[in-house]
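Structure at a glance
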Amino acid sequence: VFLLFGGFASIFIVAMIMRQSRKRLSPLSELQIAVRKREFIVHYQPIVELATGNCVGAEALVRWKRPDGSLVRPDLFIPLAEQSGLIQPITDQVIDAVARDLNELLVQYRSVHVTINVCAEDIKSGRILEAVAARIGRTGIENRQIWLEATERGLLDIEEASRTIEEARTRGHKVAIDDFGTGYSSLQYLQNLPLDTLKIDKSFINTINRQSATSSVVPHIIDMAKALNLSVVAEGVETVEQAEYLIEHGVEYGQGWHYGKPMPADIFIAYLYENMKRRRADVIPLRRLN
Ligand code: C2E
Ligand code: MG
Ligand code: MG
Ligand code: MG
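Below is a summary of the structure that appears in this document. Computed from a prediction, not measured in an experiment: that's the story for all the values here.

Scanning the entire structure with this criterion turns up six aromatic pairs. Between F40 and W64, the aromatic rings sit 6.0 Å apart at their centres with planes inclined by 40 degrees, giving tilted as the arrangement. One end of the pair, F40, is in strand β1 (residues 40-49); the other, W64, is in strand β2 (residues 55-65), and 24 residues separate them in sequence. For the pair formed by F40 and W64, the shared burial category is buried. Chaining the aromatic ring pairs together yields one cluster made of F40, W64 and F77. One residue, K261, lies across the ring of W257, its end atom 4.4 Å from the ring centre.

It is worth spelling out unusual backbone geometry at this point. Phi is positive for R38, close to 50 degrees, though the residue is something other than glycine. Position of R38 among the secondary structure elements: in the loop between α2 (27-36) and β1. A positive phi angle, close to 65 degrees, is found at N229, a residue other than glycine. Following the sequence through the fold, N229 ends up in the loop between α10 (217-227) and β8 (231-234). On the basis of relative accessible area, N229 is assigned to the exposed category, the value being 69%.

Around ligand 1 sit 22 residues in total, of which R63, D178, D179, E238 and W257 are the nearest. D179 is positioned such that a nitrogen or oxygen atom in its side chain is 2.9 Å from an oxygen atom of ligand 1. Between ligand 1 and the protein, one listed contact pairs an oxygen atom with a backbone N or O atom of W257 at 2.8 Å. When ligand 1 sits alone it has 800 Å² of accessible area, and the protein chains cover 86% of it. Structurally, ligand 1 is housed in the largest pocket. Take the shell around ligand 1: its biggest share by element is four residues, from β2. Considering only residue class, the shell around ligand 1 consists of nine nonpolar, four polar and nine charged.

Let us look at the coordination of the magnesium ion (ligand 3). The protein atoms that coordinate the magnesium ion (ligand 3) are D178 (OD), D179 (OD) and E235 (OE), at distances spanning 1.6 to 2.3 Å. The sequence pattern describing where the donors of the magnesium ion (ligand 3) fall on their chain is D-D-x55-E. The distance between the magnesium ion (ligand 3) and the magnesium ion (ligand 2) comes to 3.6 Å, with D178 serving as a donor to both metals. Given the relative accessible area of 5%, D178 is considered buried.

With respect to burial, strand β5 (residues 146-151) is a largely interior element, five of its six residues being buried. With five bridges connecting them, β5 and strand β6 (residues 174-180) associate as parallel partners. Within the sheet, the bridge partner assigned to L148 lies in β6 and is V175. What joins β5 to β6 is helix α7 (residues 158-170), and the crossover it makes is right-handed.

By the definition in use, this model includes one cavity of 30 Å³ or more. For the largest cavity, the calculated volume is near 40 Å³. Looking at the largest cavity, the residues that line it are I47, H113, T115, W147, E149, A176, T197, K199 and V233. Residues that form the lining of the largest cavity fall into these classes: four nonpolar, three polar and two charged.

On the surface, a cluster of nonpolar side chains totalling about 370 Å² of accessible area is made up of L4, F8 and I11. Structurally, L4 is set in helix α1 (residues 2-24).

What counts and what doesn't
- Residue positions are given per chain, counting from 1 as you read along its sequence in written order.
- Note on labels: chains are lettered from A, ligands numbered from 1, in written order.
- The model is predicted, so local features are restricted to residues of pLDDT at least 70 and side-chain atom pairs to those at 80 or more, both for listing and for counting; the totals for chains, interfaces and linings are taken over all residues.
- Each side-chain value is derived from all of the structure's non-hydrogen atoms; neither hydrogens nor water enter the calculation.
- For Phe, Tyr and Trp, rings pair up if their centres lie within 6.5 Å, where Trp contributes its six-membered ring, and each pair is then called stacked (planes under 30 degrees apart), edge-to-face (over 60) or tilted (otherwise).
- A helix here means a DSSP run of H or I that spans at least four residues, while a strand means a run of E at least two residues long, and both kinds are numbered starting from the N terminus.
- Think of it in three bands: with a 1.4 Å probe and only protein chains considered, a residue is buried below 20% of the maximum accessible area for its type, exposed above 50%, and partly exposed in between.
- Only when the NZ atom of a Lys or the CZ atom of an Arg is both within 6 Å of the ring centre and within 35 degrees of the ring normal do we say a charge sits over the ring.
- Any residue with a heavy atom positioned within 4 Å of a molecule or strand is treated as near that molecule or strand.
- Nitrogen and oxygen atoms within 3.5 Å of one another constitute a polar contact, given that in protein one can donate a hydrogen and the other can accept it, and given that sequence-neighbouring residues count only through two side-chain atoms.
- Accessible areas in this description were obtained via Shrake-Rupley with a 1.4 Å probe; residue shielding takes into account the shown protein chains only.
- In this analysis a 1.4 Å probe is tested at points of a 1 Å grid over the protein atoms alone, and where it fits but cannot get out there is a cavity; an open set with protein on both sides within 12 Å along at least five of seven lines is a pocket; lining residues have an atom within 4 Å of a point.
- Assignment to a cavity or pocket requires that more than half of a molecule's atoms be within 2 Å of the site's grid points.
- Polarity classes work like this: nonpolar for Ala, Val, Leu, Ile, Met, Phe, Trp, Tyr, Cys and Pro, charged for Asp, Glu, Lys and Arg, and polar for all others, with Gly in that last group.
- Note that water is not among the atoms used; donors are N, O and S atoms within 2.8 Å of the metal (3.2 Å for Na, K and Ca), so sites may look incomplete.
- Whether two strands pair comes down to DSSP finding at least two bridges between them.
- Note on handedness: a crossover is taken as right-handed if, strands pointing away from the viewer, the path from the first strand over the helix to the second is clockwise.
- Grid points are joined across faces, edges and corners, and a volume is the space filled by probe spheres set on the points.
- Each patch is built from residues that are more than 30% exposed by relative accessible area and take part in no salt bridge. Like charges join if they lie within 9 Å; nonpolar side chains (Val, Leu, Ile, Met, Phe, Trp, Tyr) join within 5 Å.
- By definition here, a salt bridge exists when the distance from a side-chain nitrogen of Lys or Arg to a carboxyl oxygen of Asp or Glu is within 4 Å.

Shown next, in the form of structure tokens:
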């Protein structure tokens, strides 16, 4: 009995010491360990066609799953990851997760896409294309089902960005500019980048239905996107009023809590099946009329 107790006690003490030592690590060392232990998982947020509510795809959003099961939001570690060069292995884990989580779903529904957030360095170097090819190439997923999104920061060097975007599109991917309106982009270079999609930042969508001067900016962003032949996704759609406003102003796609929060893969897959079923159910009453 004493031996048994001693065994438990020492395991307990060792566990305590390990916890203590992990606590004392710098944020960077913690992140390095997390990368090595592959602690990054992906949640998926639906992107819908506003007029119909049909889900057309999802954004892959990374979360750091700590050993205690808690999830750390990307805002709290992406900046450090970008500064320290850890963002590349994290991006690779995101692509691996997409390939693993959604392979079956994406093979079944060819019209559905997943969009991946790409950091500035990966756009500049074009590394992202090989990372995607190496991880998606072996699956049943088609290149046109993988979209890439970069913030304006990622597109600042127009020549390098153009090269990567052109090559991405040659391979069948689509490319979006993320958080549009929050960066420093000039219309000059936006016009010169071969983009497919513009995502209006949620800070602008937020102002819709509020007595705020910036709300008047949204229609102009939409007009500009149309002039540049870009499809538009509104981020952060939280209310039915916002959705109606966006539909009235000709925005085709939206993403936000009104439609669904980012969710674990199995929940998103169930969501998409429901969404597809509802779509088919919509057709039946019409047929019954005859
Ligand atoms: P983002 O790419 O602009 O992603 C949209 C963010 O808005 C997500 O935050 C999402 O949860 C949140 N959001 C969506 N709908 C709503 C809404 O209706 N209301 C509000 N208040 N928020 C909404 P999240 O998941 O915390 O991600 C934050 C940012 O972290 C992302 O912004 C993106 O820039 C970055 N990020 C996420 N995953 C990755 C990744 O795999 N790689 C890289 N490089 N960055 C990532
Ligand atoms: Mg994004
Ligand atoms: Mg965004
Ligand atoms: Mg945003």
